[in-house]
Number of protein chains: 2
Amino acid sequence: MSEDRVVAVYRVETPYSLERAAEVIAGEQSTGTFTAVPGETDALKERFGARIEKIIELESVSAPTLPGAKTPAGHDGKYRRGLVAVSFPLHNFGPSIPNLMSAIAGNLFELQELSGLRLVDLELPEAFAARYPGPKFGIDGTRRLTGVYDRPIIGTIVKPSIGLDLKDLQRMILNVSAAGLDFIKDDELNANAPYAPLEARVKAVMETVDKAADVTGKRIMYAFNITGDIEEMERNHELVVKAGGNCVMVSIMSVGLAGLAHLNRYSEVPIHGHRNQWGMMTRSPGLGFEFSAYQKLCRLAGADHLHVNGLNSKFYESNESVVRSVQACLKPMYDGYATMPVVSSGQWAGMAPATYEATATVDVMHLAGGGILAHPDGAGAGFKSMQQGWEAAVQGIELDAYAEQHPALRRAIEKYGKG
Amino acid sequence: MSEDRVVAVYRVETPYSLERAAEVIAGEQSTGTFTAVPGETDALKERFGARIEKIIELESVSAPTLPGAKTPAGHDGKYRRGLVAVSFPLHNFGPSIPNLMSAIAGNLFELQELSGLRLVDLELPEAFAARYPGPKFGIDGTRRLTGVYDRPIIGTIVKPSIGLDLKDLQRMILNVSAAGLDFIKDDELNANAPYAPLEARVKAVMETVDKAADVTGKRIMYAFNITGDIEEMERNHELVVKAGGNCVMVSIMSVGLAGLAHLNRYSEVPIHGHRNQWGMMTRSPGLGFEFSAYQKLCRLAGADHLHVNGLNSKFYESNESVVRSVQACLKPMYDGYATMPVVSSGQWAGMAPATYEATATVDVMHLAGGGILAHPDGAGAGFKSMQQGWEAAVQGIELDAYAEQHPALRRAIEKYGKG
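Residues numbered from 1 in each chain as written. Chains lettered and ligands numbered in written order. Predicted model: local features only at pLDDT ≥ 70, side-chain atom pairs only at ≥ 80, totals over all residues. Heavy atoms only, no water.

Asks: Which parts of the structure should I look at to understand the packing of helix 15 (residues 379–395) of chain B against helix 17 (residues 407–416) of chain B?
Replies: A pair of packed helices is characterised by two quantities: the angle between their axes and the separation of those axes. Residue and element names in this part refer to chain B. In contact at an axis separation of 8 Å, helix 15 and helix 17 are set at 95° when each is read in the N-to-C sense. The orientation of helix 15 relative to helix 17 falls into the category roughly perpendicular. Where helix 15 abuts helix 17, its residues Ala381, Lys384, Ser385, Gln388 and Gly389 lie against Ala408, Leu409 and Ala412. The residue inventory of the contact of helix 15 with helix 17, partitioned by class, reads 4 nonpolar, 3 polar and 1 charged. (Axes fitted to C-alpha atoms, helices over the stretch in contact; angles between N-to-C directions. Helix = DSSP H or I, 4+ residues; strand = E, 2+ residues; numbered from the N terminus. Parallel < 35°, antiparallel > 145°, perpendicular 65-115°, else oblique. Contact = heavy atoms within 4.5 Å. Nonpolar A, V, L, I, M, F, W, Y, C, P; charged D, E, K, R; others polar.)

Asks: What is the right way to read the interface of chain B and chain A from this model?
Replies: It is common to report an interface's size as the accessible area lost on association of the parts. Across the contact, 98 residues belong to chain B and 98 residues belong to chain A. Summed over both sides, the interface between chain B and chain A buries roughly 7800 Å², with carbon and sulfur atoms accounting for 58% of that surface. It is Glu110, Met280 and Arg283 of chain B that lose the most area in chain B upon contact with chain A, and together they represent 11% of the buried surface on that side. Between chain B and chain A we count 8 salt bridges in total. Inspection of the chain B/chain A interface yields 38 residue pairs in polar contact (both at pLDDT 80 or more). (Buried area = accessible area lost by both parts, 1.4 Å probe. Salt bridge = Lys/Arg side-chain N within 4 Å of Asp/Glu carboxyl O. Polar contact = N/O pair within 3.5 Å; in protein donor to acceptor, adjacent residues only side chain to side chain.)

Asks: I'm lost on the relation of the copies chain B and chain A in this one. Help?
Replies: What relates the pair of chain copies is a rotation about an axis plus a shift along that axis. Superposing chain B onto chain A requires a rotation of 180° together with a translation of 0.0 Å along the rotation axis, leaving an RMSD of 0.0 Å. The superposition of one copy onto the other is thereby described by a two-fold rotation axis. Among all C-alpha atoms of chain B, that of Gly256 of chain B lies closest to the rotation axis, at 2.4 Å. Comparing interface residues between copies, 100% of those in chain B also sit at the interface in chain A, which points to an isologous, same-surface contact. (Least-squares fit on C-alpha atoms with pLDDT ≥ 70 in both.)

Asks: Would you mind going over the sheet that holds strand 10 (residues 287–289) of chain B with me for this structure?
Replies: Adjacent strands of a sheet pair through backbone hydrogen bonds, lying either parallel or antiparallel. Residues and elements named next belong to chain B. If you walk across this open sheet you meet the 5 strands as 2-3-1-4-10, and the pairing is mixed. Across the chains shown, the open sheet's two edge strands, defined by having one partner strand only, are strand 2 (51–61) and strand 10. Ignoring strand direction, the axes of neighbouring strands in this sheet form an average angle of 15°. Examined bridge by bridge, strand 1 (residues 5–14) and strand 4 (residues 116–123) share 7 bridges and lie antiparallel to one another. Along strand 4, the bridge assignment pairs Val12 with Leu117. Strands strand 1, strand 2, strand 3 (79–89) and strand 4 of the sheet are contacted by helix 1 (residues 18–28), whose axis makes an angle of about 135° with strand 2. (Pairing = 2+ DSSP bridges.)

Asks: Please clarify how the domain arrangement of chain A should be interpreted in this entry.
Replies: All names here are of chain A. Per the domain assignment, the segments of chain A are domain 1 (5–131) and domain 2 (138–416). Between domain 1 and domain 2, the C-alpha centre-to-centre distance is 36 Å. When the buried area of domain 1 at its contact with domain 2 is split by residue, Ile97, Arg118 and Leu122 rank highest and sum to 36% of it. For the pair domain 1 and domain 2, the interface holds 2 salt bridges. On the surface where domain 1 and domain 2 come into contact, there are 13 residue pairs in polar contact (both at pLDDT 80 or more). Looking at the side of domain 1 that touches domain 2, the elements with two or more residues in it are helix 3 (97–104), strand 4 (116–123) and helix 4 (127–131). Residue contributions to the side of domain 1 that touches domain 2 peak at 7 residues, all from strand 4. Residue classes in the side of domain 1 that touches domain 2 are distributed as 14 nonpolar, 2 polar and 4 charged. (Domains from an automatic or database assignment.)

Asks: What am I meant to see in the nonpolar core here?
Replies: Buried together is how nonpolar side chains tend to be arranged in soluble globular proteins. Ranked by internal contacts, the top residues of the largest apolar core, which has 244 residues, are Tyr10, Ile104 and Phe289 of chain A together with Tyr10, Ile104 and Phe289 of chain B. Contact partners of Tyr10 of chain B, with chain neighbours within four places excluded, come to Ile25, Gly82, Leu83, Val84, Val86, Phe88, Ile104, Leu108, Leu117, Arg118, Leu119 and Val120 of chain B. (Core = buried A, V, L, I, M, F, W, Y, C linked by side-chain atoms within 4.5 Å. Buried < 20%, exposed > 50% of the residue type's maximum accessible area, 1.4 Å probe, protein only.)

Asks: When you look at empty space enclosed by the protein in this model, what are you seeing that I'm missing?
Replies: This structure, assessed with the given rule, holds 6 cavities of 30 Å³ or more. Met253 and Gly256 of chain A together with Met253, Gly256 and Met281 of chain B are the residues nearest the centre of the largest cavity, which is lined by 27 residues in total. Elements with a contribution of two residues or more to the lining of the largest cavity: helix 3, helix 9 (252–266) and helix 10 (279–282) of chain A together with helix 3 (97–104), helix 9 (252–266) and helix 10 (279–282) of chain B. With 6 residues, helix 9 of chain B is the single largest residue contributor to the lining of the largest cavity. Classifying every residue of the lining of the largest cavity gives 21 nonpolar, 6 polar and no charged. (1 Å grid on protein atoms, 1.4 Å probe; cavity = no way out; pocket = protein on both sides within 12 Å on 5 of 7 lines; lining within 4 Å. Points joined across faces, edges and corners; volume = space filled by probe spheres on them.)

Asks: Explain the sheet that holds strand 7 (residues 221–225) of chain B to me, please; I cannot follow it from the model alone.
Replies: Residue and element names in this part refer to chain B. Around the barrel, which closes on itself, the 8 strands sit in the order 5-6-7-8-9-11-12-13 with parallel pairing between neighbours. Neighbouring strand axes in the sheet, compared pairwise and without regard to direction, differ in orientation by 25° on average. Pairing geometry for strand 6 (residues 183–185) and strand 7, over 3 bridges, is parallel. Its bridge partner being in strand 7, Lys185 is matched across the sheet by Ala223.

Asks: Explain the packing of aromatic side chains here, please?
Replies: Aromatic ring pairs: the centre-centre distance and the angle between the two ring planes describe each pair. Residues and elements named next belong to chain A. Enumeration according to the criterion identifies 20 aromatic pairs over all chains in this entry. When the centroid spacing of 5.4 Å and the interplanar angle of 70° are considered together, the rings of Phe289 and Tyr294 count as edge-to-face. Neither residue differs from the other here; Phe289 and Tyr294 are each classed as buried. Three or more aromatic residues joined by ring pairs form one cluster here, namely Trp278, Phe289, Phe291 and Tyr294. Above the face of the Phe291 ring, Arg275 is positioned so that its terminal group lies 4.5 Å from the ring centre. (Phe/Tyr/Trp six-rings, centres within 6.5 Å; stacked < 30°, edge-to-face > 60°. Lys NZ or Arg CZ within 6 Å of the ring centre and 35° of its normal.)

Asks: How do you make sense of the pattern of salt bridges when you look at a structure like this?
Replies: Pairing between side chains becomes possible if they bear opposite charge and their charged atoms approach one another. All told, the structure shown has 48 salt bridges over all chains when counted by the stated rule. Two residues, Lys314 of chain B and Glu28 of chain A, come together in a salt bridge whose shortest N-O distance is 3.0 Å. With Lys314 of chain B in the loop between strand 11 (305–307) and helix 12 (319–330) and Glu28 of chain A in helix 1 (residues 18–28), the pair connects residues from two separate chains. The class for Lys314 of chain B is partly exposed, based on a relative accessible area of 22%. Within the structure, one salt-bridge network assembled from shared partners comprises Glu13, Glu59 and Arg81 of chain A.

Asks: Whenever I open this one, helix 11 (residues 291–300) of chain B confuses me. Can you help?
Replies: Structurally, the α-helix is built with 3.6 residues per turn, so residues lying three or four positions apart point the same way. Counting buried residues in helix 11 of chain B gives 9 out of 10 residues, a clear majority hidden from the surface. Positive backbone phi, at 115°, marks Gly302 of chain B, one or two positions downstream of helix 11 of chain B.

Asks: Where do I start with helix 11 (residues 291–301) of chain A in this structure?
Replies: Most of helix 11 of chain A is tucked away, with 11 of its 11 residues classed as buried. Within helix 11 of chain A the residues assigned to the buried category are Phe291, Ser292, Ala293, Tyr294, Gln295, Lys296, Leu297, Cys298, Arg299, Leu300 and Ala301 of chain A.

Asks: Could you clarify how one ought to interpret the environment of Leu409 of chain B in this entry?
Replies: Residue and element names in this part refer to chain B. Tracing the sequence through the fold places Leu409 in helix 17. Sequence spacing of Leu409 and Glu398 is 11 residues, and the spatial spacing of their C-alpha atoms is 12 Å. Setting aside its immediate chain neighbours within four residues, Leu409 contacts Ala349, Ser385, Gln388, Gly389, Leu399, Tyr402 and Ala403.

The structure is reproduced here in structure tokens:
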């Protein structure tokens, strides 16, 4: 029997002592039930029980974050917070993401002994790497396919998100291809919709991508949203690959980590992982899942690209949190499992310096919708402004100073920089 | 083009007016971006835009529930709450659960204009019924397979949750079969674990189930936990069916709704749907997903049985919420889609009257771990006490009065009733 263990780190809030909370977590997720049953021996607990590895006490608060916690007799009115690391024997569930989730998350979020619980980190033994091969393309493969090196891959999103007819979509692709963009993706709202079935869309898009490439000499990477039921996703992937497509996108929460891992078994092009719906799992600070932990599972399951929001986005997330996500994605797992963080939402050229300063890398995809397409001088200037923003960032030159000699950037600052 | 629309109802909290919040929701999830782009015409918005159907103002609060909301200029300090119904044209995404989720949930939970968002109801057009056939067995099929009518299906969970060797597991099955139980399930922690691979477990269990049935004349329903990656789940299902097994269980959040729908395409026995991890989506009252809405998707995707917690459980959930879940599961969808609510956690005979009073049905599975197995007179008396609890409930007789003539129930009350 392997000695391998999975370690899960939780941010806990409890009206009990942190030690008691940790024991309840460990018991609930291994051998326990609410009343002792025959057979729950010490030997069994020793071999299969979860183990408390570490408890770090943090602050206390005077009101519970989540509803439904019970309080101990003589409760002092305090809700204690802390970090609790619990380890689980791998032989309890094996290197299986679905069964890992039942063990490390399971019923924990519902326990009355807790008034807050958030999964903040996860250490997984090598056996997971043997079972899940991870991204097939990652950063290197995506650079190879796009021919873009030494700077972020700059792209956009089909806008309006939904409703473009095929002719307008083709017009848009010609436009962004002529503008020189590296990448374009379907909106997450737009997959295999009855008003524009994927088959017709793939045909129309790839014809145009190829036609544009003949003119520009550069073939844009197009991420087709193939999100769907398990069999449909397989058919959709085949449609894309047969038409010469070079990227597929899925909404990870829609298809599940199991769906993503399944796709990764047969995929022949990079998988662009969109994280819509993720807010549901993470916006309450006392509940859910920290993205820096979740992204490990996405990488194991095969996401070549992974959305992380962007600095100053239109979303609630703090810049610090976005930076943590980018850094987490760039930290190697096992022998690599490199995924390309996708910085997106409310982006334009002016976000490059802060993004670079915080992450010290150009190994990101930087996507802008309006920030490229609505540039006053058109998409070509929008694309150029993004490149110039990154040049300024990498060279450590003040954005406004750099803009003096770079009109595309200057015009971008005029339009987007005063918001 | 069909006129069908999906209606999603949200409980919203916002520092803006509810009207403004509703507009942001509708815009974000159909045609919008943060700055106007060419092509977002009125005609396009009319055909593809989400529509605000209803706004019901509720209370206001003075502090935001979720972090990261921005406030309008001159904010009056109030965060307004209300119900907002938004409808989406079905042709935007089609009758696809994965793409439905991207539309009705998507990025909404991350919006700065909202300080709270919870999806509380969902109306889905007929097209979903055509695409997703739903439970193959449901209540009727489960009763047929177990031979139990006119009372709840009474069962237990393999305990200790994890670590039993095959001999002890066989001993337990003989014990519960001799005790007369209708049903037993694997714990959600226990699937295809290296310490006891499913193949060996299925063989050992089914041999014992059949052996016991030869003696008792009643064949217990055993729900094997086949949770796993997509291909593994298919292999696991085949193992169970080939061995003559009569039920499989999956952790729905582990395999995803897409994984569940996939299983439902080839499954030959009832699917016991476990909802562990669900707390992550629902315990924060200002965020996430209400189970009464989520259960519709589980039923579409094929859950024959569906866990709903239990009254007075060891979990945070209020009894009112549990009752709402049971009632939601029992409400017909389309032409049926009947699923059997599974009342579980901290259960014993004494929970029957309140459960029956609140739900007015015996079409539930009632599971007890310690509440049956740790009965002072053994599992047989534990099972009997559960039946007697329900007899008292249905006949409207006070539990203590009924217990006077029913020793199994009386002993259960003595042990569990004083907690």
